[in-house]
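Each chain, written out:
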Amino acid sequence: MNSKLSVEREVRDTATRTRLTNELTYQTGFGNEFSTEAISGALPIGQNNPQKPAFGLYAEQLSGTSFTTARATNLRTWMYRIRPSVLQGTYRLIRKDSNALAPLDVAPLPEAQRWNPQPLPDTPVDFVDGLNTLAISGDPATLSGAAVHLYAATIDMDRKAFVNTDGEMLIIPQQGTLCLITELGMLTAKPREIAVIPRGLKFAVHLPDGPSRGYVCENHGSAFRLPDLGLIGASGLANRRDFLTPVARFEDSDAAHELIAKTGGQLWSTTLDHSPFDVVAWHGNVAPYKYDLDRFQSIGSISFDHPDPSIYTVLTSPSDTPGTANADFCALTTRWAVAEHTFRPPYFHRNVMSEFMGLICGAHDAKAGGFVPGGASIHNAFTPHGPDAETYRRARDTTLEPHKITESIAFMFETRLPLRLTAWAVQTPQRQHDYQQCWSALAKQFDGDRHATE
Ligand SMILES: [Fe+2]
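Basis of the calculations
Residues numbered from 1 in each chain as written. Predicted model: local features only at pLDDT ≥ 70, side-chain atom pairs only at ≥ 80, totals over all residues. Heavy atoms only, no water. Helix = DSSP H or I, 4+ residues; strand = E, 2+ residues; numbered from the N terminus. Rg over C-alpha atoms; globule rule 2.2 N^0.38 Å. Buried < 20%, exposed > 50% of the residue type's maximum accessible area, 1.4 Å probe, protein only. UniProt positions renumbered as here; feature names shortened; annotations may be inferred. Donors = N, O, S within 2.8 Å, 3.2 Å for Na, K, Ca; no water. Tetrahedral: all angles 85-135°; square planar, octahedral: opposite > 155°, others 65-115°. Contact = heavy atoms within 4.5 Å. Polar contact = N/O pair within 3.5 Å; in protein donor to acceptor, adjacent residues only side chain to side chain. Pairing = 2+ DSSP bridges. Axes fitted to C-alpha atoms, helices over the stretch in contact; angles between N-to-C directions. Core = buried A, V, L, I, M, F, W, Y, C linked by side-chain atoms within 4.5 Å. Arc of directions from axis to C-beta. Salt bridge = Lys/Arg side-chain N within 4 Å of Asp/Glu carboxyl O. Domains from an automatic or database assignment. Buried area = accessible area lost by both parts, 1.4 Å probe.

### Some words on the overall build of the protein chain
Right, on to step 1. Looking only at helices and strands, one finds 3 helices and 28 strands in the protein chain.
Right, on to step 2. Radius of gyration (C-alpha) of the protein chain: 23 Å, near the 22 Å computed for a compact globule of 454 residues.
Right, on to step 3. Principal-axis analysis of the C-alpha atoms places the extent of the protein chain at approximately 85 × 50 × 45 Å.
Right, on to step 4. Across the 454 residues of the protein chain, 54% fall into the buried class.

This is the structure we're talking about:
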């Protein structure tokens, strides 16, 4: 068993936290039946729920699917912990200053929407307090759709944990590294990496490099999984071996902690008289994981035309309609553009699915300006969008040579349900009210007297 972090107890001071971050150990694979123990002998052999677990530990199961879900997609993890999760105080509803994370929203808007990056706060704000909800599709109460949050944090969550019962959280740092302390171990995520926290798993976010800013997709539907590869074959896109899951580690602490729960779009707070990160051993396939987007093997055209962006799917949350995702996460990373006699940037389109886009670094090949790292855009179902006027002009007139797209990572959350903006998204000063103007210079160029093959 992996036990490199076996007896570490606290991560309070910076020196200790940095040392732990540098020594992190991971298990590889996606959706494996992982097994890990921080103390040798803590993990039961041959059964899940012994009469007396070793070392006086309590056994507790965390489900990721219903008990009777088919074996191939059934998700659950058994934890062996110092205290069971039922040891918690009474919850009280937290009122926030803005409508962040609240279910108040407005109807889907027919226009394309875009935002400048949110500035980092100049006051101490942790990850949970620094979350603002931009848009919501579906409803966590019906296990449908996804929410999009932006976060900007400047301080650690100190003796404070978060649990999201509404959905799993796919976290994409755009600036600064995150150290994610979870019940099942600790992992880091820096820009160009993503991390996924399963629904219902307690975690805290520390900032080993200082302030951090980024994006969160809160998936209310079935847990993200790897897409089928079909005719691509056995390997390609995101490969299973490149996903990393932490090993067990625990804090044996009697210090009081605050636990924030997100339930039904509302935030609730309770107190614990101990650290919730007290799982000494665990086994199962509900687990947090991270992925380096630079490991993504892009598949594209080596002849002509611009394929649909579904070729960039890293993770998918299927719906009950085959081929129509509850949510897809797509990443556009380093790749060659070689298609001949082709308009290479993303084409003009109106999509039945609703799209959220973010930019981690560099420049997106559909926009000459206005969409910068940390920024965001939403194009709801059938909202026309595509290359801006300057990108169109350049791509139409350029001499086509093989071209490598480097230093740019854009990503997309795509959902079959309309994205409704929150009041915060509508009112924030970062909203670009003139986004539509980026297409205004697309002049009529039709000339019916010219030869059709010009
Ligand atoms: Fe699009």
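Here the narrative resumes.
### With respect to the UniProt feature "domain: Homogentisate 1,2-dioxygenase C-terminal" (unreviewed entry) in the protein chain
Right, on to step 1. The UniProt record marks residues 295–446 with the feature "domain: Homogentisate 1,2-dioxygenase C-terminal" (unreviewed entry), using the residue numbering of this structure.
Right, on to step 2. Overall, residues 295–446 shows 9% helix and 27% strand. The separation of its end C-alpha atoms is 43 Å.

### Some words on the coordination of the iron ion
Right, on to step 1. Protein coordination at the iron ion: the donors are H349 (NE2), E355 (OE), E355 (OE) and H385 (NE2), at 2.0 to 2.4 Å from the metal.
Right, on to step 2. Each of the 4 donor atoms bound to the iron ion contributes to angles spanning 59 to 156°, and the resulting shape is irregular.
Right, on to step 3. Along the chain, the residues donating to the iron ion are arranged with the sequence spacing H-x5-E-x29-H. Taken together, the residues span a long stretch of sequence, with H349 in the loop between β23 (335–337) and β24 (354–361) and H385 in the loop between β25 (376–379) and α2 (389–397) at a distance of 36 residues.

### Section: the UniProt feature "binding site: homogentisate" (unreviewed entry) in the protein chain
Right, on to step 1. UniProt annotation of "binding site: homogentisate" (unreviewed entry) refers to H385 when read in the numbering used here.
Right, on to step 2. Every residue in contact with H385, bar those within four places of it in the chain, is listed here: Y347, F348, H349, E355, H379 and W439.
Right, on to step 3. Only 3.1 Å separates the side chain of H385 from the side chain of E355, close enough to count as a polar contact.

### Some words on the sheet that holds strand β21 (residues 313–318)
Right, on to step 1. A sheet is described by the order of its strands in space; here 6 strands give the open sequence β6-β25-β24-β27-β22-β21, paired in antiparallel fashion. Edge positions in the open sheet fall to β6 (113–115) and β21, since each of these has one partner strand only. The sheet shows a mean angle of 10° between the axes of neighbouring strands, direction not considered.
Right, on to step 2. The sheet contact formed by strand β22 (residues 325–332) and strand β27 (residues 409–415) spans 5 bridges and is antiparallel. Residue pairing for β27: A331 is matched across the bridge by F411.

### A word on the environment of G176
Right, on to step 1. Tracing the sequence through the fold places G176 in the loop between β10 (168–175) and β11 (178–182).
Right, on to step 2. Residue classification places G176 among the buried positions, given a relative accessible area of 18%.
Right, on to step 3. Beyond its immediate chain neighbours, meaning those up to four positions away, G176 contacts A189, K190, P191, P211 and S212.

### Considerations on the nonpolar core
Right, on to step 1. Counting residues in each nonpolar core, the largest one holds 52 residues, and the members touching the most others are F127, I171, L180 and F203.
Right, on to step 2. When sequence neighbours within four positions are dropped, the list of residues in contact with L180 reads I171, G185, M186, L187, A195, I197, F203, A204 and V205.
Right, on to step 3. One finds W115, F243, I311 and L359 within the second-largest nonpolar core, a separate group that totals 49 residues.

### Describing α2
Right, on to step 1. If you check which residues of α2 are buried, you get A389, T391, Y392 and A395. Down the axis, α2 shows its buried residues gathered within 160° of arc, on one side only.

### Observations concerning the pattern of salt bridges
Right, on to step 1. Applying the stated rule across the entire model yields 20 salt bridges.
Right, on to step 2. Across the pair E183 and R81 runs a salt bridge whose closest N-O atoms are separated by 2.7 Å. Note that E183 is positioned in the loop between β11 and β12 (185–189) and R81 in strand β4 (residues 76–81), a separation of 102 residues in sequence.
Right, on to step 3. Classification of E183 as buried rests on a relative accessible area of 1%.
Right, on to step 4. Among the ionic pairs, D294 bridges to R192, the shortest N-O distance being 2.8 Å. Pair noted here: D294 is in the loop between β20 (289–292) and β21 and R192 is in the loop between β12 and β13 (193–197), with a separation of 102 residues, a long-range link.
Right, on to step 5. With relative accessibility at 39%, the residue D294 sits in the partly exposed group.
Right, on to step 6. Salt bridges sharing common partners tie together E60, R81, E183, K202 and D278.

### Overview of the domain arrangement of the protein chain
Quite often, the size of an interface is put as the accessible area lost when its parts meet.
Right, on to step 1. Under the domain assignment, the protein chain is made up of domain 1 (14–293) and domain 2 (296–430).
Right, on to step 2. The C-alpha-based centres of domain 1 and domain 2 are spaced at 27 Å.
Right, on to step 3. Across the boundary between the two partners, domain 1 contributes 61 residues, which contact 52 residues of domain 2.
Right, on to step 4. When domain 1 packs against domain 2, the two sides together hide about 4,900 Å² of surface, and 64% of this comes from carbon and sulfur.
Right, on to step 5. Our count for the domain 1 to domain 2 interface comes out at 0 salt bridges.
Right, on to step 6. For the interface between domain 1 and domain 2, the tally reads 24 residue pairs in polar contact (both at pLDDT 80 or more).

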